[in-house]
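Coordinates in review
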Amino acid sequence: MEKRDNRLFIHRDMEPVVLNHSVEIILTPQFYTFIRESLDVKFTYQAKQIAASLFDDYLDTSKEYQYHVYKCENEWCFFAYNIDEIDQFLESRGIEKHRVSKIYFAQQLSSELEEPIELNEKNILQTIDGTVTIIPSRFMESNLSYKALNLSELKLTSGITMGGSLNSFISLKETILLSSIFLILGSIFIVEGNRIKSSISNEDEKLTALLDENPTYTSSMIRKSILEKYRPIDKKERSKRQSIKDISKLLSAKSQLSWLMIKKETIQADIETSNKTISKQVNRNAKAKNFKVINNKLNIKVEKKI
Amino acid sequence: MNLMTLQRYKNELIVFISLLFVLFAYLYKLSAYSYVKENKAKIEQQISEINTIVNLKKEWDDKTLTKKVKVLKTVVASSKVKSFTKRSKKLTASYISLTANELNKVTNKLINMPVQITSLTIKESSKNKYSMEFTCKW
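Residues numbered from 1 in each chain as written. Chains lettered and ligands numbered in written order. Predicted model: local features only at pLDDT ≥ 70, side-chain atom pairs only at ≥ 80, totals over all residues.

A short note on the packing of helix H6 (residues 220-250) of chain A against helix H2 (residues 10-60) of chain B
Axis angle and axis distance: for two packed helices, these are the angle between their axes and the distance between the axes, and together they describe the pair. Let me state the cut-off plainly: Axis lines are fitted through C-alpha atoms, for helices just across the contact stretch, and the angle between N-to-C directions can take any value from 0 to 180 degrees. Every helix listed is a DSSP run of H or I at least four residues long, and every strand listed is a run of E at least two residues long, numbered separately from the N terminus. If an angle is under 35 degrees, it is roughly parallel; if it is over 145, roughly antiparallel; if it lies from 65 to 115, roughly perpendicular; otherwise it is oblique. Should the near helix be turned anticlockwise from the far one by less than a right angle, the crossing is left-handed, and should it be turned clockwise, the crossing is right-handed. Note that contacts rest on C-beta atoms placed from the backbone: two residues are in contact if these are within 7 Å. Amino acid classes used here: Ala, Val, Leu, Ile, Met, Phe, Trp, Tyr, Cys and Pro are nonpolar; Asp, Glu, Lys and Arg are charged; the rest, including Gly, are polar.
Their axes nearest at 10 Å, the elements H6 of chain A and H2 of chain B cross at an angle of 50°. Of the possible angle classes, the one that applies to H6 of chain A and H2 of chain B is oblique. Of the two elements, H6 of chain A crosses H2 of chain B, and the hand of that crossing is left-handed. Of the residues in H2 of chain B, those in contact with Arg 223, Ile 226, Leu 227, Tyr 230, Ile 233 and Asp 234 of chain A of H6 of chain A are Glu 49, Ile 50, Thr 52, Ile 53, Leu 56, Lys 57 and Trp 60 of chain B. Each residue belonging to the contact of H6 of chain A with H2 of chain B can be placed in one class, and the counts come to eight nonpolar, one polar and four charged.

Comments concerning the interface of chain B and chain A
For clarity, the cut-off: Being paired, for any two strands, means DSSP has found at least two bridges between them.
The interface is formed by 46 residues belonging to chain B together with 49 residues belonging to chain A. Of all elements in the fold, only helix H1 (3-8), H2, helix H5 (100-111) and strand E3 (116-126) of chain B reach the threshold of two or more residues within the side of chain B that touches chain A. In terms of residues, the side of chain B that touches chain A owes the most to one element, H2 of chain B, which gives 31 residues. Grouping the amino acids of the side of chain B that touches chain A by side-chain chemistry returns 25 nonpolar, eleven polar and ten charged. Sheet analysis places strand E11 (residues 255-263) of chain A next to E3 of chain B, joined by five bridges and oriented antiparallel. What sits directly across from Trp 259 of chain A, in E3 of chain B, is Lys 123 of chain B.

A closer look at the sheet that holds strand E6 (residues 75-81) of chain A
All names here are of chain A. An order of E4-E6-E5 is seen for the three strands of this open sheet, with the pairing classed as antiparallel. Strands at the two margins of the open sheet, each flanked by one partner only, are strand E4 (32-37) and strand E5 (66-72). Taking each pair of neighbouring strands and ignoring which way they run, the sheet shows an average axis angle of 20°. With respect to the sheet, helix H1 (residues 44-54) is in contact with E4, E5 and E6, its orientation differing from that of E5 by roughly 125°.

If you want it as structure tokens, here you go:
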């Protein structure tokens, strides 16, 4: 095991560790499959889309792999890794997944590993033909001195987060999808809320204009009092006039008015008819107009409460 | 909550915050809806009340009525106007020997005027002749 402050090399023979701070881990080739390809694509996301097909012949199809891509010089560097496997291994070595802030690949240190470094007594790590490889120590010359590599001083970019793939209950894809849906929904609700609120602005303006014209009606008490005064007048006077019109419709050359009186809450009239047929007709029409009718031979008395 | 935990549950946190955003937005929409529901009815009622008052006052509080009622004196020949007494905002008039047409004329004038008819009496005094009395105020 190589431990350099907050960065760790992860390899199969590493000893368990006790951590009380976050670490960045550098995976050795035991935990990933690496392919370097020259592809005619411009963006990383395009390269990532074809990553799975590149590894078709190299990976165990029964496992689920994650892929990482970045541009290395004029080519694309593809990594396939199984995050579950890495997670299980880390746990077996006492590294809780929430302690892992970033994951890098040893391949990213290819230039620093041109000279071999010792991972443990059994293995060394070295770049061979541009690819970082684990080599058993026994294949190395016995008097070879190994380079001391200070991991914390190395500048590493293009790392991946464990949270992005394993720690989270929700994957990055689901996160983007869900939060996009929620943001769109929320925006729709806000726009709709604003539209609803502005829907009474017309009425509000109308009321303001009316109150500007009639400032005395601002008080609901005053409005109530005025309405209480004028509404009964309006109702009664309209009723009186309608009753007079109704009575006049009962009149003809053969049915003539002999008396009409409006007093207090009542309108009454006497109508003289020339024969029984007319009398019946007047009677029927008066009842249709909700008059109380009293027949006295050819004389018809109609009455209505106003 | 340290940075580590935040990092660990970054995705959940983003989803949770966006979910909160939706909830707040929905509550905002609901509050806007209830605000409008409550206030729209109030405003509409106020507008309706004011319009009704304006119309009622225009009709039943016509300041020019004192002049307008004079027409009831001239609508028939002066010989048929038995009495015509106008005091303040009250009128008492009495007509005699009105033909049916004249009776119609006076009655139509009266009912088309926005006055409060306190009392009205029409009697057939002789064949096709009518007398009429009314009191109105405004």
